[in-house]
Amino acid sequence: MSQTPSPKLLPVVLPSRGSSPECPWLDNKGEFLVHKILTVLDCMEPTEEIPDDCFLTLPPIDFTHNMSLGAAAAIVDKVARKTIRLYSKKCHQLGHTQKDCSELLHLLHQLRQWVAPCLTDTEEYKEVTEPILEQLRQQRQTAPNPGNTACARHSIWAATTHYYRQVARLTSLMVKQHLMN
């Protein structure tokens, strides 16, 4: 008497709320990663006394509620890429520890990996990232010389933190938009 084999049960894997297999940035882990970057940056805040004329005024990045996922990802990728370039060259000159520098760079590389699958239309990216690149250029021109002065260290930290607060805002907006769709 032969028995027929019982069918194997396949495990059911459900995506987490807000996740997308095409774009893991919109998963809760992507939002958590952006906030972790902000936490590391908060720990890296310079503690020296700085003159009152040292504070930069940076405008927010202009987000629209109907921005495409690819355009938003391009903004995040561009900010992460520029931050990696700056901190991989100048992190120690800015007075940060090896541990802080390594952790920040690791998180930035992770963020770029999370948004990479979301990048789909390179022509659209040029349009949305050009204003951000222009802001970064203007900031470099108006910021004090990036030497070892307390003012320069604070300006670089403040600008970086500002841009990651904008990235957190954009990430939150895109997650909400994704959930509503």
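Note: the structure precedes this text.
Conventions used here
Residues numbered from 1 in each chain as written. Predicted model: local features only at pLDDT ≥ 70, side-chain atom pairs only at ≥ 80, totals over all residues. Heavy atoms only, no water. Helix = DSSP H or I, 4+ residues; strand = E, 2+ residues; numbered from the N terminus. Buried < 20%, exposed > 50% of the residue type's maximum accessible area, 1.4 Å probe, protein only. Contact = heavy atoms within 4.5 Å. Areas by Shrake-Rupley, 256 points an atom, 1.4 Å probe, with all protein chains shown as cover. Core = buried A, V, L, I, M, F, W, Y, C linked by side-chain atoms within 4.5 Å. Axes fitted to C-alpha atoms, helices over the stretch in contact; angles between N-to-C directions. Parallel < 35°, antiparallel > 145°, perpendicular 65-115°, else oblique. Left-handed = near helix turned anticlockwise from the far one by under 90°. Nonpolar A, V, L, I, M, F, W, Y, C, P; charged D, E, K, R; others polar. Salt bridge = Lys/Arg side-chain N within 4 Å of Asp/Glu carboxyl O.

Counting its regular elements, the protein chain contains five helices and zero strands. Sequence-ordered secondary structure for the protein chain, helices as α and strands as β, is α-α-α-α-α. Looking at the protein chain residue by residue over its 181 residues, the buried ones come to 45%. Of the contacts made within the protein chain by residues no fewer than 6 positions apart, 86% connect residues no fewer than 24 positions apart. For the protein chain, the exposed area adds up to about 11200 Å²; of that, 55% sits on carbon and sulfur atoms.

Let's shift gears to the nonpolar core. Core analysis: the largest hydrophobic core is formed by 46 residues, its most contacted members being Trp25, Tyr87, Leu111 and Tyr164. Contributions of two or more residues to this core are made by α1 (28-43), α2 (69-90), α3 (98-115), α4 (122-142) and α5 (150-180). Look past the residues within four positions of Trp25 in its chain and what remains in contact with it is Gly30, Glu31, Leu69, Ala72, Ala73, Val76, Leu111, Trp114, Val115, Cys118, Thr171 and Met174.

Relative to each other, α2 and α5 sit at 160 degrees, their axes nearing to 10 Å. As summarised for this structure, α2 and α5 are arranged roughly antiparallel, according to the angle between their axes. The element α2 and its partner α5 pack so that their crossing is left-handed. Contacts from Leu69, Ala72, Ile75, Val76, Val79, Ala80, Thr83, Leu86 and Tyr87 of α2 reach α5 at Ile156, Trp157, Thr160, Tyr163, Tyr164, Val167, Leu170 and Met174. For the contact of α2 with α5, a count of residues per class yields 15 nonpolar, two polar and no charged.

Moving on, we come to the pattern of salt bridges. Any two side chains of opposite charge can pair if their charged atoms end up close together. Enumeration over the complete set of coordinates arrives at five salt bridges. In this structure, Asp77 engages Arg81 in a salt bridge whose closest nitrogen and oxygen atoms are separated by 2.6 Å. Highlighted residues: Asp77 and Arg81, both in helix α2, separated by four residues, approximately one helical turn. Owing to a relative accessible area of 5%, Asp77 belongs among the buried residues under this scheme. The class for Arg81 is partly exposed, based on a relative accessible area of 32%. The residue Arg112 makes a salt bridge to Asp77 at a minimum N-O spacing of 2.7 Å. Of this pair, Arg112 sits in helix α3 while Asp77 sits in helix α2, and the two are 35 residues apart along the sequence. Residue class for Arg112 comes out partly exposed when judged on its relative accessible area of 27%. Ionic contacts of the salt-bridge type, sharing partners, join the residues Asp77, Arg81 and Arg112 into one network.

One way to put it is that α1 packs onto α3 with a least axis distance of 10 Å and a crossing angle of 155 degrees. In terms of axis orientation, α1 runs roughly antiparallel to α3. You can see that α1 and α3 cross each other, and the crossing is left-handed. Contacts between α1 and α3 pair Lys29, Leu33, Val34, Lys36, Ile37, Val40 and Leu41 from the former with Asp100, Glu103, Leu104, Leu107, Leu108, Gln110, Leu111 and Trp114 from the latter. Here the residues of the contact of α1 with α3 sort into ten nonpolar, one polar and four charged.

Functional significance is not addressed by these values, which are geometric in nature.
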